[in-house]
Amino acid sequence: MNPLLRALKVTLHQLRRRHRRRLPFLSPPLERRRPRIQAEDYAARHSIEHTLDRKAELRRLALTRPEAAARYHELLTYELEGLREVALVLQSTTGGRDLQECMAESRSEIERLEIEVEWCANFLRSWPPSPTV
C-alpha cells in the first residue's frame, strides 16, 4: 500500500477513536460551571466564617464598648431581618419533611435572635453601666 494512503488510513482511524480528553463545550452545563460554582462556594463559606468571627468578637466587646454594642445590635438586626425574609419565602414553597424541618429551625433561630436583639437593645439603653462596689 502506498505510504500516503497508509498515513491517511492511520489518521482517519485516529479521528474515529474517542478522544481521551473531552472538549469543554461538549460537557454538560453543570460540569462546565463546576469550577465557578466551587469558587463561589469557597467565597461564600469564607464570608460566612468571617461574619461569624466578627459577630463573636463584637459580642465579646459589647460589654465594655458602646460602639461595639451598637454595631453588634445592628448586625443582629440585619441577620434577623434576613432570616425573617428567608422564613417567609420558605412558607411559600412546596416541599416535604426537609422543608418542614428547615422552617422549624428557622423559627427557633428567629426566636433566639429576637432575644439577643432585645438583650442588646436593653444593654444599650442602660449604658453606661452602673458602678459596682
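Rules behind the numbers
Residue positions are given per chain, counted from 1 along the sequence in the order it is written. pLDDT decides what is reported in this predicted model: residues at 70 or higher carry local features, side-chain atom pairs at 80 or more are listed and counted, and totals for whole chains, interfaces and linings draw on all residues regardless. Side-chain calculation: all heavy atoms of the structure are included, whereas hydrogens and water are not. Each helix corresponds to a stretch of at least 4 residues labelled H or I by DSSP, and each strand to a stretch of at least 2 residues labelled E; elements are numbered beginning at the N terminus. Between buried and exposed lies partly exposed: a residue is buried under 20% and exposed over 50% of the maximum accessible area for its type, with that area taken using a 1.4 Å probe on protein chains only. Throughout, a contact is declared for two residues whenever any of their heavy atoms are within 4.5 Å. Reported accessibility uses the Shrake-Rupley method at a 1.4 Å probe radius. Residues are deemed covered only where the shown protein chains occlude them. How far a helix is expected to stretch is found by multiplying one less than its residue total by 1.5 Å. Simply put, an axis is a line fit to the C-alpha atoms, just over the touching stretch for a helix, and the angle between two N-to-C directions goes from 0 to 180 degrees. Here roughly perpendicular refers to angles of 65 to 115 degrees, roughly parallel to angles under 35, roughly antiparallel to angles over 145, and oblique to all remaining angles. Definitions for this section: a left-handed crossing has its near helix turned counterclockwise from the far helix by less than a right angle. A right-handed crossing has that turn clockwise. Polar here means any residue other than Ala, Val, Leu, Ile, Met, Phe, Trp, Tyr, Cys and Pro, which are nonpolar, and Asp, Glu, Lys and Arg, which are charged; Gly is therefore polar. Any pair of nitrogen or oxygen atoms within 3.5 Å is treated as a polar contact; in protein, a donor-acceptor pairing is required on top of that, and neighbouring residues in sequence qualify only through side-chain atoms on both sides. Among the buried residues, those of types Ala, Val, Leu, Ile, Met, Phe, Trp, Tyr and Cys that are joined through side-chain atoms within 4.5 Å form a nonpolar core. Stacked, tilted and edge-to-face are the three classes applied to pairs of Phe, Tyr and Trp rings, where Trp contributes its six-membered ring and a pair requires centres within 6.5 Å; stacked means planes under 30 degrees apart, edge-to-face means over 60, and tilted covers the rest. Only lysine NZ and arginine CZ atoms are considered, and such an atom sits over a ring when it is within 6 Å of the ring centre and within 35 degrees of the ring normal.

I'm lost on the overall build of the protein in this one. Help?
Helix and strand counts for the protein stand at four helices and zero strands. Order of helices (α) and strands (β) in the protein, N terminus to C terminus: α-α-α-α. A burial count over the protein gives 18% of its 133 residues as buried. Taking all contacts inside the protein whose residues are at least 6 apart in sequence as the whole, residues at least 24 apart take part in 61%. If you sum the accessible surface of the protein, you get close to 11300 Å²; carbon and sulfur atoms cover 58% of it.

Would you take a moment to explain helix α4 (residues 97-125) for this structure?
An ideal rise of 1.5 Å per residue puts 42 Å on 29 residues; α4 measures up with 42 Å between its terminal C-alpha atoms. Among the residues of α4, those classed as buried are Leu99, Met103, Ser106, Ile110, Leu113, Glu116, Val117, Cys120, Ala121 and Phe123.

What should I look at first to understand the packing of helix α3 (residues 66-91) against α4 in this one?
When two helices pack together, their arrangement is given by the angle between the helix axes and by the axis-to-axis distance. One way to put it is that α3 packs onto α4 with a least axis distance of 9 Å and a crossing angle of 155°. As the angle between them shows, α3 and α4 are arranged roughly antiparallel. Judged by the twist between their axes, the crossing of α3 over α4 is left-handed. For the contact of α3 with α4, the residue count by class is 20 nonpolar, four polar and five charged.

What is the right way to read the side chain of Glu116 from this model?
Topologically, Glu116 is positioned in helix α4. Relative accessible area serves as the criterion here: at 14%, Glu116 is assigned to the buried category. A distance of 2.8 Å separates a polar atom in the side chain of Glu116 from a polar atom in the side chain of Arg59. Those residues in contact with Glu116 that lie beyond four places of it in its chain are Arg59, Tyr72 and Leu76.

Would you mind going over the nonpolar core with me for this structure?
For soluble globular proteins, the rule of thumb is that nonpolar side chains tend to be buried together. Formed by 13 residues in total, the largest nonpolar core has its most connected members in Leu58, Tyr72, Leu76, Leu80, Ile110 and Leu113. When residues of this core are traced back to their parent elements, those giving at least two are α2 (29-61), α3 and α4. In this structure Leu76 touches Lys55, Leu113, Glu116, Val117 and Cys120, once residues within four positions along its chain are discounted.

What is the right way to look at the environment of Tyr72 in this model?
By the element assignment, Tyr72 lies in helix α3. The class for Tyr72 is buried, based on a relative accessible area of 3%. Separated by ten residues in sequence, Tyr72 and Ala62 have C-alpha atoms that sit 7.0 Å apart. Tyr72 has contacts with Lys55, Leu58, Arg59, Glu116, Trp119 and Cys120, leaving out every residue within four places of it along the chain.

Hey, could you run me through α3 in this one?
Residues spaced three or four apart along an α-helix face the same direction, because each turn holds 3.6 residues. The end-to-end C-alpha distance of α3 is 37 Å, a good match for the 38 Å that 26 residues give at a rise of 1.5 Å each. Buried within α3 are the following residues: Ala68, Ala69, Tyr72, Leu75, Leu76, Leu80, Leu83, Ala87 and Leu90.

Teacher, can you tell me more about the packing of aromatic side chains here?
Each aromatic ring pair is specified by the distance between its two centres and by the angle formed by the two planes. Summed over the entire model, instances satisfying the criterion amount to one aromatic pair. Measuring from ring centre to ring centre gives 5.5 Å for Trp119 and Phe123, while their planes differ by 15°; the resulting arrangement is stacked. A residue pair is termed a helical-turn pair when its members lie 3 or 4 positions apart in one helix, as Trp119 and Phe123 do in helix α4 at four residues. Look at Phe123 and you get buried, because its relative accessible area is 17%. Sitting above the plane of the Trp119 ring, Arg59 keeps its charged end 4.2 Å from the centroid.

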